[in-house]
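Residue strings, one per chain:
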Amino acid sequence: MLEQTLSEVYTKFKIHFYQEMFNHLHSRETSLTTVEMFCVEVIYALKNPTVAEFANFINVSSPNAAYKVNSLIKKGYIEKIQSETDRREYHLVVTDKYINYFNLSQKYVNTVVERAQDYFTPEQIAFLDDILRDMSLELMKDVAIPPVSISPN
């Protein structure tokens, strides 16, 4: 039962995101391919990785990762920023163009949270938050990313 319910919630979040993405991006020349979308989401989640860190995380060669990165740079979703501590190193940083893209999904998360706050008691919300935090920190240790930060709309 839990497996089905969690899969259903996850799928609904994804599908809503795809609906919004198509509504906003279908006419742009520089819209992302599916693989590019996955790559930029990983780069965002890793919080400014180097190309090598990105390649290692997605388990591809550095040249393959560089190819993907260059495509995302050309389309304006990420940029390379030189490290202040090691001038030989560059970090991948998402642009406002990606943040606007990311907000397509985050906006729906915010809507569902608002609905939950109206529907559930504060105690139920706290309990749900505890369960989700434990799932993230204890049950999903194999997805090693920095904590997700949510910027205000």
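Worth saying up front: this structure is predicted, and the values here are computed from it rather than measured.

### What to know about helix α2 (residues 34-46)
In this model, α2 (13 residues) spans 19 Å end to end at C-alpha, consistent with the 18 Å of a helix rising 1.5 Å per residue. Along α2, the residues that are buried comprise E36, M37, C39, V40, V42, I43 and L46. In the stretch just after α2, K47 is the one whose phi turns positive, near 60°.

### Structural notes on the confidence of the model for the protein
Averaged over all residues, the pLDDT of the protein is 85; the fraction at 70 or higher stands at 91%. The spread of mean pLDDT over the elements of the protein runs between helix α1 (residues 2-25), the lowest at 81, and strand β2 (residues 90-94), the highest at 94.

### What to know about the pattern of salt bridges
Considering all chains together, one arrives at six salt bridges under this definition. Across the salt bridge formed by K75 and E36, the nearest N and O atoms sit 2.8 Å from each other. Note that K75 is positioned in the loop between α4 (62-74) and β1 (78-82) and E36 in helix α2, a separation of 39 residues in sequence. Here the two residues K75 and E36 agree in accessibility, since each one is buried. Where K141 meets E138, a salt bridge forms, and the shortest distance between an N and an O atom there is 3.3 Å. The partly exposed category is assigned to E138, whose relative accessible area is 47%.

### What to know about the side chain of E36
Owing to a relative accessible area of 10%, E36 belongs among the buried residues under this scheme. Engagement of the side chain of E36 in a polar contact is seen with the backbone nitrogen of T33, the distance being 2.9 Å. A polar side-chain atom of E36 sits 2.4 Å from a polar atom in the side chain of S71.

### Comments concerning the nonpolar core
Core analysis: the largest hydrophobic core is formed by 23 residues, its most contacted members being V40, F54, L72, I78 and Y101. Those elements giving two or more residues to this core turn out to be α1, α2, α3 (51-58), α4, β2 and α5 (96-119). Counting residues per element, this core draws most heavily on α2, at six residues. Excluding residues within four positions of it along the chain, V40 makes contact with L32, L72, Y77, I78, V94 and Y98.

### Topic: α5
Between its first and last C-alpha, α5 extends 33 Å over 24 residues, near the 34 Å set by a 1.5 Å rise per residue. A maximum bend of about 35° is found in α5 at L104. Considered for burial, the residues of α5 that qualify are Y98, Y101, F102, L104, Q106, N110 and A116.

Analysis parameters
Residues numbered from 1 in each chain as written. Predicted model: local features only at pLDDT ≥ 70, side-chain atom pairs only at ≥ 80, totals over all residues. Heavy atoms only, no water. Helix = DSSP H or I, 4+ residues; strand = E, 2+ residues; numbered from the N terminus. Expected span 1.5 Å × (residues − 1). Buried < 20%, exposed > 50% of the residue type's maximum accessible area, 1.4 Å probe, protein only. pLDDT = per-residue confidence, 0-100. Salt bridge = Lys/Arg side-chain N within 4 Å of Asp/Glu carboxyl O. Polar contact = N/O pair within 3.5 Å; in protein donor to acceptor, adjacent residues only side chain to side chain. Core = buried A, V, L, I, M, F, W, Y, C linked by side-chain atoms within 4.5 Å. Contact = heavy atoms within 4.5 Å. Bend = angle between axes of the 7 residues up to and from the residue.

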